[in-house]
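Here are the chains, one letter per residue:
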Amino acid sequence: RYKALRERLHSGRLWMGDCGDGVVWQAHGSREAMILIVTRTAMAGGAFPPSLRLPMLDPGRRYRIARDGKPSFEEPGAWLARIGFTLPRMPAEAVRIFEVTAL
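Please read all numbers here as calculations on a predicted model, not as lab measurements. (Residues numbered from 1 in each chain as written. Predicted model: local features only at pLDDT ≥ 70, side-chain atom pairs only at ≥ 80, totals over all residues. Heavy atoms only, no water.)

## Quick look at the overall build of the chain
Here comes step 1: Broken down by element type, the chain carries two helices and eight strands.
Here comes step 2: In the chain, the succession of α and β elements from N to C terminus is α-β-β-β-β-β-β-α-β-β.
Here comes step 3: Compactness check: the chain gives a C-alpha radius of gyration of 13 Å against a globular reference of 13 Å for 103 residues, within 12% of the reference.
Here comes step 4: Across its three principal directions, the C-alpha atoms of the chain cover 35 × 30 × 25 Å.
Here comes step 5: Relative to its 103 residues, the chain shows a buried fraction of 36%.
Here comes step 6: Restricting the contact set of the chain to residue pairs at least 6 apart, pairs at least 24 apart contribute 56%.
Here comes step 7: Carbon and sulfur atoms provide 54% of the accessible area of the chain, an area that totals close to 6,000 Å².
Here comes step 8: Of the charged side chains in the chain, 16 are positive and 10 negative, and the gap between their average positions amounts to 2 Å. (Helix = DSSP H or I, 4+ residues; strand = E, 2+ residues; numbered from the N terminus. Rg over C-alpha atoms; globule rule 2.2 N^0.38 Å. Buried < 20%, exposed > 50% of the residue type's maximum accessible area, 1.4 Å probe, protein only. Contact = heavy atoms within 4.5 Å. Areas by Shrake-Rupley, 256 points an atom, 1.4 Å probe, with all protein chains shown as cover. Lys, Arg positive; Asp, Glu negative; His and termini not counted. Charge placed at Lys NZ, Arg CZ, Asp CG, Glu CD.)

## As for the pattern of salt bridges
Here comes step 1: Counting across every chain of the model gives four salt bridges.
Here comes step 2: Between R8 and E99 there is a salt bridge; the shortest N-O distance is 3.1 Å. Placement of R8 in helix α1 (residues 2–9) and of E99 in strand β8 (residues 95–102) is noted, with a sequence separation of 91 residues between them.
Here comes step 3: Relative accessible area serves as the criterion here: at 24%, R8 is assigned to the partly exposed category.
Here comes step 4: A relative accessible area of 19% means that E99 is categorised as buried.
Here comes step 5: Between D21 and R40 there is a salt bridge whose closest N-O contact spans 3.5 Å. (Salt bridge = Lys/Arg side-chain N within 4 Å of Asp/Glu carboxyl O.)

## Examining the pairing of strand β5 (residues 62–67)
Here comes step 1: Pairing analysis gives six bridges linking β5 to strand β6 (residues 70–76), with the strands arranged antiparallel. Along β6, the bridge assignment pairs R67 with K70.
Here comes step 2: Joining the antiparallel neighbours β5 and β6 is a turn of two residues, in which D68 adopts a positive phi near 55°.
Here comes step 3: Sheet analysis places β5 next to β8, joined by five bridges and oriented antiparallel. Residue pairing in the sheet places R67 in a bridge with F98 of β8. (Pairing = 2+ DSSP bridges.)

Purely geometric numbers; function is a separate question.
So, in structure tokens, the structure goes:
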């Protein structure tokens, strides 16, 4: 998997953020195609997973967010920047990798 993602992980821009509740993220690549790495650093404190906002996305475009190479959903950039998407439940010290692609 690393070989397939290597180019985007080591080139382009890097964005980093924190969702709260022990979740941090980093995005590698460009606004059109990025790898999003989400890490839960501690046990969940809330009943529901936090929403992850991606403020760097173009509000006028739609984006496909895929996990493990399978398309999960498509949303407008404006929605993902302001509201975000709900993360799947993750145990402490877990990592999820998403691919975010502009349509």
